[in-house]
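Observations on the model geometry
Here is how the chains run, residue by residue.
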Amino acid sequence: MAVLVNRSYGQAAPRLATDLARYGSTAVWRGLYYRGEKIGFTVSQTVRTDEGFELQEDGRLQMLLFGQDSAATLHTIAWVDRHFTLKAFEFSLDPGTGAIQVHGTVEPNPPGALLTISITSAGGTRTERRELAEAPVMTLNLSRVLASRGITPGASYQWTIFDPATLRNAPVDVTVGRREAVRLADTTVPAFRVEMAFQGLRTTSWVTDTGDVIKEESPLGLVTLRETADRAQGMG
């Protein structure tokens, strides 16, 4: 299994290495695990802009495609205002057979918002427009939106979340629990326990005061852990 993982990762490495070069010392690295086995990593950082912030994230994920192991690369950028409200985004997923790219913008459309999406694949480009009750959130900016409002135990929210990988938007219910001490490798980090329910799936995240997700668990066996850059990229 390790040989297949390393071989697949090696094929995807040159392009991803270029993407990773943008990440500096403040970047947050996370290892991805499925039922205890390392399957990849993500790295993210927040860059201040004149209008707000640019949220960047890249990752590599080992996946089974047509019965063979393949290394998929993911790339996401979200442009948000000073309150972390989504304004525009770009997303790409390349499972090794050709990338699918999604670009989107969010504009005011009283009393709600207009989400415009362009999806590009080998078959061409198509565009969709969706009228929403409010500007959607993405997983990339959800915790930041939560932190900008002040993370308070017992607080609950409902937002519309847009998933660029599935092109679905649906309500997400968020409930903030108590602050806990989360063990990560050789350190302990205080973070709030946050429960999220999205399309019947419940996930638990541990989020710091500043909106950093240091750990996340799903009932499907997927776990995300904040790690050092070397540890996150290692497959040991």
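Just so it is clear, the model here is predicted, and its values are computed rather than measured. (Residues numbered from 1 in each chain as written. Predicted model: local features only at pLDDT ≥ 70, side-chain atom pairs only at ≥ 80, totals over all residues. Heavy atoms only, no water.)

**Some thoughts on the pairing of strand β10 (residues 168–184)**
Of the strand pairs in this sheet, strand β9 (residues 156–163) and β10 are connected by eight bridges, and their pairing is antiparallel. The residue bridging Ser 156 from the neighbouring strand is Thr 175, located in β10. Between β9 and β10, which pair antiparallel in sequence order, lie four residues; one of them, Leu 167, sits at a positive phi of approximately 65°. With 11 bridges joining them, β10 and strand β11 (residues 187–198) adopt antiparallel strand pairing. If you follow Val 176 over to β11, its bridge partner there is Val 194. Taking the residues between adjacent antiparallel strands as the criterion, β10 and β11 are bridged by two residues, where Ala 185 takes a positive phi near 50°. (Pairing = 2+ DSSP bridges. Helix = DSSP H or I, 4+ residues; strand = E, 2+ residues; numbered from the N terminus.)

**Some details on the pairing of β11**
Both β11 and strand β12 (residues 201–207) contribute to a ladder of seven bridges, which runs antiparallel. Bridge assignment links Arg 193 to a residue of β12, and that residue is Trp 206. In textbook terms, the turn of a hairpin is the stretch between consecutive antiparallel strands, and for β11 and β12 this stretch comprises two residues, one of which, Gln 199, has a positive phi near 50°.

**Focus on unusual backbone geometry**
Between Pro 110 and the following residue, Pro 111, the backbone shows a cis peptide bond with an omega angle of 5°. Tracing the sequence through the fold places Pro 111 in the loop between β6 (100–109) and β7 (112–121). With phi around 50°, Arg 35 is a residue other than glycine that occupies positive phi space. By the element assignment, Arg 35 lies in the loop between β1 (28–34) and β2 (37–48). Of note, Ala 185 is a non-glycine position whose phi angle comes to about 50°, a positive value. Its place among the elements puts Ala 185 in the loop between β10 and β11.

**Quick word on the side chain of Glu 227**
Following the sequence through the fold, Glu 227 ends up in strand β14 (residues 222–227). We classify Glu 227 as buried; its relative accessible area is 11%. Only 3.4 Å separates the side chain of Glu 227 from the backbone nitrogen of Ala 232, close enough to count as a polar contact. If near-sequence neighbours (up to four positions away) are discounted, Glu 227 is found in contact with Trp 29, Arg 30, Gly 31, Tyr 33, Lys 38 and Ala 232. (Buried < 20%, exposed > 50% of the residue type's maximum accessible area, 1.4 Å probe, protein only. Polar contact = N/O pair within 3.5 Å; in protein donor to acceptor, adjacent residues only side chain to side chain. Contact = heavy atoms within 4.5 Å.)

**Things to note about the packing of aromatic side chains**
If you walk through the whole model with that rule in mind, you get four aromatic pairs. A ring pair is formed by Trp 29 and Phe 41, whose centres lie 5.8 Å apart and whose planes are at 35°; its orientation type is tilted. Residue Trp 29 is located in strand β1, and its partner Phe 41 is located in strand β2; the two are separated by 12 residues in the primary sequence. Comparing Trp 29 with Phe 41, the two get one shared label, buried. Summarising the aromatic geometry, the rings of Phe 89 and Phe 162 are spaced 5.5 Å apart at their centres and angled 45° between planes, so their arrangement reads as tilted. With Phe 89 in strand β5 (residues 86–94) and Phe 162 in strand β9, this pair connects stretches of sequence that are 73 residues apart. Residue classification places Phe 162 among the buried residues on the basis of a relative accessible area of 1%. (Phe/Tyr/Trp six-rings, centres within 6.5 Å; stacked < 30°, edge-to-face > 60°.)

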